[in-house]
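Results of the structural survey
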Amino acid sequence: MIDYEVFLPNAALDTQLSAATMQILGNEMAARTPGVPPPTFPPPGSLVTYECEGYLTVYDNSLGEDVPIPNLKMSYQVGSSIVNAVPDNTGYFRFVYRDFRMFASDSIVLPITFTYQDPQGKWKITESQTTSAPLTVDKLITFARPSLQHFTGNIKLYMGDRQENAIHRAANYFFNNQTYFPSLYSDALKIIANDATVSSGNAGLFTYDSFGCWINIYHHNHNAGVVIGTTLHELGHFAHFKPLGYSRFINIPKLLQESFASYSGWYLGEEYYVSQGATRPSSGYWTIAGDNHRQYWHENYAPSSILKYYSPLFIDLTDIYNQKTTTTSVYPNDAIQGVPASKIWDIVSVGTTWPLCRSGLQSMVGTYYTSTAFNNWIIQFDNWFNNPANQ
Ligand SMILES: [Ca+2]
């Protein structure tokens, strides 16, 4: 018969232990195997350095794989102190902290808080327009304990009740990974993970006024790629709006606004998924990040149709798909491909009217496409702008 050393905190010590730690102590006492002697511990009341590490991932139902969630703030309260960890681009996180010694068991459960805010303050995800605090989610996470002071465990999340994990990945890619469009802002752009259910086709909204801007992403869609493409579409509006400001942005033709946002959702969505290991198709167009490709647009949309603004003007410069597959097709004849995203931004950032934008497109003839390819393609867009019903 071996008597276990049982750690019963005295009254003075008890006041210094967090509820979480007391829970851990309770778990560990219950988890001990009778007959197995405990390892050698520091004396009761000792402060011990603990390390907790693992990978934070989420299942992406468009890719069919687990992918990292970088830059999502993770917190764990130890007594009156809060210990933070921020996963890197591989999802790896590591907490190091001091706490009163605990008994060993094979596993422990730690209460982790996830906070949906960029650690550098570039954006935050909130529950509503009027909420200033970032969205937080609390989860009890079980970690293995291979040694006395070392916890390990991989955390696998799902989309989240408000799709917060897909929104966060898109925002983090936009602000911290892509370098094509301006993103060097630190004014805490508010992205609302809106719980309202809306009809299909309007799952994101970019709103601006003379004081600033914000984004709503609605939660009815449970496809990670669509949420990511939608978020990158709205962030495209943000990239377009921010350097120009309210008074210039509001006068940009809506077709140019929506066509650049569509390009952002399509191109950055593809780039994000390629960065996560997806293989780009060698023909056709990709829909892994939703339907921002806009290959269905044509110049004769009914003037009352909102779809008339969502053209492939910038997508066609890059993609390898010519949607005019027959001579009777109503779609643009897109024999152009391969224009770099940075070049497209150069044109968009100064092309605030159709004549200015068209001039920028014309300037790339001879470099990225022939005049024949350009003239055959641009005519639909000229016709659209020349139609008074569209103005
Ligand atoms: Ca195309």
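Residues numbered from 1 in each chain as written. Predicted model: local features only at pLDDT ≥ 70, side-chain atom pairs only at ≥ 80, totals over all residues.

With respect to the overall build of the chain
- Counting its regular elements, the chain contains 10 helices and 13 strands.
- A total of 391 residues make up the chain; the buried ones form 38% of that total.
- Put simply, 66% of the contacts in the chain that link residues at least 6 apart link residues at least 24 apart. (Helix = DSSP H or I, 4+ residues; strand = E, 2+ residues; numbered from the N terminus. Buried ≥ 20, exposed ≤ 12 C-beta atoms within 10 Å, placed from the backbone. Contact = placed C-beta atoms within 7 Å.)

A closer look at the nonpolar core
- Core analysis: the biggest nonpolar cluster contains 81 residues, and I167, A170, A171, F174, I191, I217 and I228 have the highest contact counts within it.
- No other element matches helix α6 (residues 254-275), which puts 10 residues into this core.
- Lining this core are residues from two domains, each supplying at least three of them: domain 1 (46-157) and domain 2 (164-390).
- The residues touching I217, leaving out its near neighbours within four places in the chain, are Q163, I167, I191, I192, A193, N194, A203, G204, V227, T230 and T231. (Core = buried A, V, L, I, M, F, W, Y, C linked by C-beta atoms within 7 Å. Domains from an automatic or database assignment.)

Here we look at the sheet that holds strand β7 (residues 123-126)
- A sheet is described by the order of its strands in space; here 4 strands give the open sequence β7-β11-β13-β12, paired in mixed fashion. What marks the edges here is a single partner per strand, and that holds for β7 and β12 (204-209). Taking the axes of each pair of neighbouring strands and ignoring which way they run, one obtains an average angle of 20° across the sheet.
- The strands touched by helix α3 (residues 164-176) within the sheet are β7, β11 (189-194) and β13 (212-218), with β7 carrying the most contacts at an inclination of about 165°.
- In the packing of helix α4 (residues 224-244) onto the sheet, the strands contacted are β11, β12 and β13, and the crossing angle to β12 comes to about 20°. (Pairing = 2+ DSSP bridges. Axes fitted to C-alpha atoms, helices over the stretch in contact; angles between N-to-C directions.)

What about the pairing of strand β4 (residues 81-85)?
- By the bridge criterion, 5 bridges tie strand β3 (residues 73-78) to β4 in an arrangement that is antiparallel. Each residue of the ladder has a partner; that of M74, found in β4, is A85.
- Between β3 and β4, which pair antiparallel and follow one another directly, the connecting turn spans 2 residues, one of which, G79, has a positive phi of 60°.

A closer look at α3
- A rise of 1.5 Å per residue sets the reference length of α3, with its 13 residues, at 18 Å; its end C-alpha atoms lie 17 Å apart and thus fit the reference within 8%.
- Among the 13 residues in α3, 12 count as buried, and that is most of the element.
- Among all positions in α3, only E164, N165, A166, I167, H168, R169, A170, A171, N172, Y173, F174 and F175 are buried. (Expected span 1.5 Å × (residues − 1).)

So, the confidence of the model for the chain
- On average, residues of the chain score 87 in pLDDT, and 87% of them reach the 70 mark or higher.
- Residue range residues 1-32 is modelled with pLDDT below 50. Its contacts to residues more than four positions away, or to other chains, number 38 contacts. (pLDDT = per-residue confidence, 0-100.)

Some details on the packing of α3 against α4
- Packing of α3 against α4 leaves a shortest axis separation of 8 Å and a crossing angle of 45°. By the angle between their directions, the pair α3 and α4 is classed as oblique. The element α3 and its partner α4 pack so that their crossing is right-handed. Counted together, A166, I167, R169, A170, A171 and F174 of α3 and A224, V227, I228, T231, L232 and L235 of α4 form the full contact between these two elements.
- Along the lines of polarity and charge, the residues of the contact of α3 with α4 split into 10 nonpolar, 1 polar and 1 charged. (Parallel < 35°, antiparallel > 145°, perpendicular 65-115°, else oblique. Left-handed = near helix turned anticlockwise from the far one by under 90°. Nonpolar A, V, L, I, M, F, W, Y, C, P; charged D, E, K, R; others polar.)

Side note on the environment of W214
- Within the secondary structure, W214 is located in strand β13.
- Since 17 C-beta atoms lie within 10 Å of it, W214 is described here as partly exposed.
- Separated by 24 residues in sequence, W214 and F238 place their C-alpha atoms 8.3 Å apart.
- Setting aside residues up to four positions removed in sequence, W214 forms contacts with Q129, K190, I192 and T207.

Brief notes about the pairing of strand β6 (residues 107-115)
- Here β6 shows a buried face lined by I108, L110, I112 and F114 and an unburied face lined by S107, V109, P111, T113 and T115.
- Note: β6 against strand β8 (residues 136-147), 9 bridges, orientation antiparallel. Each residue of the ladder has a partner; that of T115, found in β8, is T136.

Observations regarding α6
- Helix length check: α6 (22 residues) gives 31 Å between terminal C-alpha atoms against 32 Å at 1.5 Å per residue, within 8%.
- Most of α6 is tucked away: 17 of the 22 residues are buried.
- Just downstream of α6 lies G277, where phi reads positive at about 105°.

Description of the environment of D316
- Relative to the assigned elements, D316 resides in helix α7 (residues 315-318).
- For D316, a count of 29 C-beta atoms within 10 Å gives the class buried.
- The contact partners of D316, leaving out residues within four places of it in the chain, are P332, D334, I336 and W377.

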